[in-house]
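The chain contents come next:
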Amino acid sequence: MSNSEFLTSSRTEELLPKYRAFLKEHLYPIEKEIIYGSFKAHLPQLNSLRQLAKKEKLFAPHLSESEGGLGLSLFEFAGISEVLGSSPLGHYIFNCQAPDIGNMELMHQFASKELKDQYLKPLQRGEIRSCFAMTEPEHAGSNPKHLSTLAIRDGDNYIINGHKWFTSSADGASFTIVMAVTDPQNPNPYQRASMILVPLDNPGYKLIRNIPIMGDVGEDYMSHGEVSFTDCRVPVSNLIGSEGQGFVLAQERLGPGRIHHCMRWIGICERALDLMCKRAVYRELDPGRPLASQQTIQNWIAECSASIKASRLMVMNTAYQIEKFGAKAAKEDISTIKFFVSDVLMKVLDKAIQVHGGLGITDDTLLSFWYRHERGARIYDGPDEVHKSVLARSILKPYMNHE
Ligand SMILES: Cc1cc2nc3c(=O)[nH]c(=O)nc-3n(C[C@H](O)[C@H](O)[C@H](O)COP(=O)(O)OP(=O)(O)OC[C@H]3O[C@@H](n4cnc5c(N)ncnc54)[C@H](O)[C@@H]3O)c2cc1C
């Protein structure tokens, strides 16, 4: 874990040990049974842990105090997010899990008072969950200006028709924010789409299936839905922000979201490194000759540790830049951490599995869960290649302007 004082504040100095203790006592002992078993069946147990988190004043660290949270800055929350990432249940228990956290941030800034009262407040209290439906199976999500989902005005309503997938956590959610085209003729493709809130008890909405991810269908919060909207009628007042603002809002939603994800990935890396070290010391090739005595294993441990430290500094610096200068000014840094840290995550998980040998690919450790479910890190929130291209173009710009 982080040992650099300049990465913490007096507030997080006080909070971090409390989060670590909570995870160690309440989540580490039960997490494997829940993630490899039925998430739904464990909801009562998970809900009582959420109540305990509230009682211990650790719930929703990202929200302001008036909203029932801890009023942390993005930089401070980043440190907490790393610790929570060390358990696959961490963010969920404290109600700061994706995609809800992104929807909370978005609605806080852009939703009407009515939508906030009806949907945002129960979401912040952890009474309901939400999802975000943008990606369509028929179009490249990497270039989301091509969308077929249409929201056509009919008096005071929109009628939405479309097909989405990778709508994470749709199973059991109460509403989704859907990205739909409201102005197909607009000459600027980035002004054609809008974000509209759709309650999921709407008769025009259907969860077609939970998409199997490397053999795991998942359920409830731990799932990725394929969904459809068929003549789905919602009031125009369910619009978030203004018409045509969909892409602007999507960018707003993603800036801090990348900090949350990257710090969660660093938390996973720390836990995987911890498991790797424990196994390397425990597993003996001959009596008195543990794996840890082999130079190759030592190299892997040192390289993983160095990559994790570099990642942490990079992400915390980006969080600082976002807070000081805004997400737009920190665009290149945000792209850099997205592809750099997701790559470190893959490498650390792979090495941790390798050190565990056959055990590493079983479901007897957390590693196989992360290997399956975090492979997506290099794809969601913009595939790595897109972010590398953003960064390289920015680096090359001054060179292009010279003779
Ligand atoms: C685990 C997970 C959770 C997700 N959750 C959500 C969600 O909640 N809501 C939602 O709406 N979507 C979600 N998504 C979808 C995600 O946003 C898309 O998968 C992503 O945008 C990529 O789109 P695509 O899958 O259509 O890939 P494509 O756009 O078809 O791209 C395929 C590949 O092409 C390459 N590529 C793409 N563009 C370029 C380029 N410019 N240069 C070079 N190579 C390129 C990349 O390697 C990329 O992986 C999720 C995805 C995953 C994996």
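A brief structural summary. All values derive from a computational prediction rather than experimental measurement.

### Quick notes on the pattern of salt bridges
One side chain can pair with another of opposite charge once the charged atoms of both are near each other.
For step 1, the next point in the chain: All told, the structure shown has 20 salt bridges when counted by the stated rule.
For step 2, the next point in the chain: With its nearest N and O atoms 2.9 Å apart, the salt bridge here joins Arg312 to Glu82. Placement of the pair is Arg312 in helix α9 (residues 295–325) and Glu82 in helix α4 (residues 74–85), with a sequence separation of 230 residues.
For step 3, the next point in the chain: Owing to a relative accessible area of 3%, Glu82 belongs among the buried residues under this scheme.
For step 4, the next point in the chain: Salt bridges linked by common partners bring Glu82, Glu270 and Arg312 together as one network.

### Structural notes on the site of the ligand
For step 1, the next point in the chain: In the region of the ligand, 16 residues are neighbours, and Phe132, Thr135, Gly141, Ser142 and Phe166 sit closest.
For step 2, the next point in the chain: At 2.8 Å, a backbone N or O of Phe132 approaches a nitrogen atom of the ligand.
For step 3, the next point in the chain: Take Met134: an N or O atom from its main chain is 2.9 Å from an oxygen atom of the ligand.
For step 4, the next point in the chain: Within the complex, 65% of the 980 Å² of free accessible area of the ligand lies under protein.
For step 5, the next point in the chain: Residue assignment for the shell around the ligand shows that the elements contributing at least two residues are β1 (130–133), β3 (157–168) and α12 (384–400).

### Focus: the packing of aromatic side chains
For step 1, the next point in the chain: All told, the structure shown has eleven aromatic pairs when counted by the stated rule.
For step 2, the next point in the chain: The interplanar angle of 80° and the centroid separation of 6.3 Å between the aromatic rings of Tyr36 and Phe369 together place this pair among those described as edge-to-face. Residue Tyr36 is found in the loop between α2 (31–35) and α3 (43–55), and its partner Phe369 is found in helix α11 (residues 367–373); the two are separated by 333 residues along the sequence.
For step 3, the next point in the chain: Of the residues examined, Tyr36 reaches a relative accessible area of 24% and is grouped as partly exposed.
For step 4, the next point in the chain: These aromatic residues form a ring-pair network of at least three members: Tyr19, Phe22 and Phe94.
For step 5, the next point in the chain: Its end group placed over the ring of Tyr92, Arg50 keeps NZ or CZ at 4.1 Å from the ring centre.
For step 6, the next point in the chain: In this structure, Lys351 is placed above the aromatic ring of Trp300, and the distance from its NZ or CZ to the ring centre is 5.1 Å.

### Examining the pairing of strand β7 (residues 224–235)
For step 1, the next point in the chain: As paired strands, β3 and β7 are joined by nine bridges and run antiparallel to one another. Across the sheet, the residue bridging to Asn157 is Pro235, located in β7.
For step 2, the next point in the chain: Bridging between strand β6 (residues 205–210) and β7 involves five bridges; their strand directions are antiparallel. Considered in β7, the bridge of Asn210 is made with Gly225.

### Section: a positive patch on the surface
For step 1, the next point in the chain: The grouping of Lys328, Lys331, Arg393 and Lys397 at the surface amounts to a positive patch.
For step 2, the next point in the chain: Mapped onto the elements, Lys331 comes out in helix α10 (residues 331–356).

Each value, and the rule that gives it
- Residues numbered from 1 in each chain as written.
- Predicted model: local features only at pLDDT ≥ 70, side-chain atom pairs only at ≥ 80, totals over all residues.
- Heavy atoms only, no water.
- Salt bridge = Lys/Arg side-chain N within 4 Å of Asp/Glu carboxyl O.
- Helix = DSSP H or I, 4+ residues; strand = E, 2+ residues; numbered from the N terminus.
- Buried < 20%, exposed > 50% of the residue type's maximum accessible area, 1.4 Å probe, protein only.
- Near = heavy atom within 4 Å.
- Polar contact = N/O pair within 3.5 Å; in protein donor to acceptor, adjacent residues only side chain to side chain.
- Areas by Shrake-Rupley, 256 points an atom, 1.4 Å probe, with all protein chains shown as cover.
- Phe/Tyr/Trp six-rings, centres within 6.5 Å; stacked < 30°, edge-to-face > 60°.
- Lys NZ or Arg CZ within 6 Å of the ring centre and 35° of its normal.
- Pairing = 2+ DSSP bridges.
- Patch = residues over 30% accessible without salt bridge, like charges linked within 9 Å, V, L, I, M, F, W, Y side chains within 5 Å.
- Lys, Arg positive; Asp, Glu negative; His and termini not counted.
- Charge placed at Lys NZ, Arg CZ, Asp CG, Glu CD.

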